[in-house]
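Topology and contacts: notes
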Amino acid sequence: MAMEINGANSGVVSQIMDLKTSTPGVTRKEEIKTGFKNTDEYSKYLQEKYSYMNTGTTSMQGVPVTVSVSGAFLKKCMDNPEKAAYLEENLAAIPECIKRSVEYTKTMPGSPVMTYCNVSFDENGNITMTSGCTNDPDGKIARENAQRKAEEKKAAEEKAAKKRAEKKAVEEKLT
């Protein structure tokens, strides 16, 4: 069911559509708007619903997350209800995906901690998610490794100095 919305965004059409959720087989009804004058207006509308879209880094589950949608894909979605529905169902799923990723990461050997996540939609709507993890969130392992390497370097320097001194002593005896 589509209906015209009057006012500043004349031309904007609202439809109630079934969107997929992050739970397989479960859908939800959602109002999808299309027909915006430009991508700026469409982007502002989406940011009201998904505050983390194209606004820089935000925190989800304690992880810095950046969500970016290409302007070219926004342009394709702003007049196409099916593409707009695809975009919105995926934007809506991001917080749950981050939550599940953080939970899964904790079950891995060494109990790593997710340190960042980037989600991007390219000009065709392809989604790429990259994240980083560490087994050393407080830097303890890195400090211990640096200290061990410094001690090894010092020992190697002392050994080299001792060899030089021995070689010099042998040379002095020969002359």
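Above this text sits the structure in question.
Described below are features of the structure shown in this document. (Residues numbered from 1 in each chain as written. Predicted model: local features only at pLDDT ≥ 70, side-chain atom pairs only at ≥ 80, totals over all residues. Heavy atoms only, no water.)

Notes on the overall build of the protein
Here is the rule: Strands here mean DSSP runs of E at least two residues long; helices mean DSSP runs of H or I at least four residues long; both are numbered from the N terminus. Atoms counted for the radius of gyration: C-alpha only. Globule rule: 2.2 Å times the number of residues to the power 0.38. For the exposure calls, accessible area comes from a 1.4 Å probe over protein chains only, and a residue counts as buried if that area is under 20% of its type's maximum, exposed if over 50%, partly exposed in between.
Secondary structure summary: the protein contains four helices and seven strands in total. Computed over the C-alpha atoms, the radius of gyration of the protein is 28 Å, more than 25% above the 16 Å expected from 2.2 N^0.38 for a compact globule of 175 residues. For the protein, the spread of C-alpha atoms along the three principal axes comes to 105 × 35 × 25 Å. Classification of the 175 residues of the protein by burial places 26% in the buried group.

Observations concerning the sheet that holds strand β5 (residues 63–69)
Note the cut-off: Strands pair, by our definition, only if DSSP identifies at least two bridges between them. Lines fitted to the C-alpha atoms define the axes, with helices restricted to the stretch that makes contact. Angles between their N-to-C directions range from 0 to 180 degrees. When checking whether two residues touch, look at their non-hydrogen atoms; a contact exists if any pair is within 4.5 Å.
Across the sheet, which stays open at both edges, the four strands sit in the order β4-β5-β6-β7 with mixed pairing between neighbours. Only two strands of the sheet have a single partner each, and these edge strands are β4 (57–60) and β7 (127–134). Averaged over all pairs of adjacent strands, the angle between strand axes in this sheet comes to 25°, irrespective of strand direction. Pairing of β4 with β5, which is carried by four bridges, proceeds in the antiparallel orientation. Each bridged residue has a counterpart across the sheet, and for Thr57 the counterpart in β5 is Thr66. Sitting on the sheet, helix α3 (residues 81–106) touches β4, β5, β6 (113–121) and β7, and the angle it makes with β6 is about 165°.

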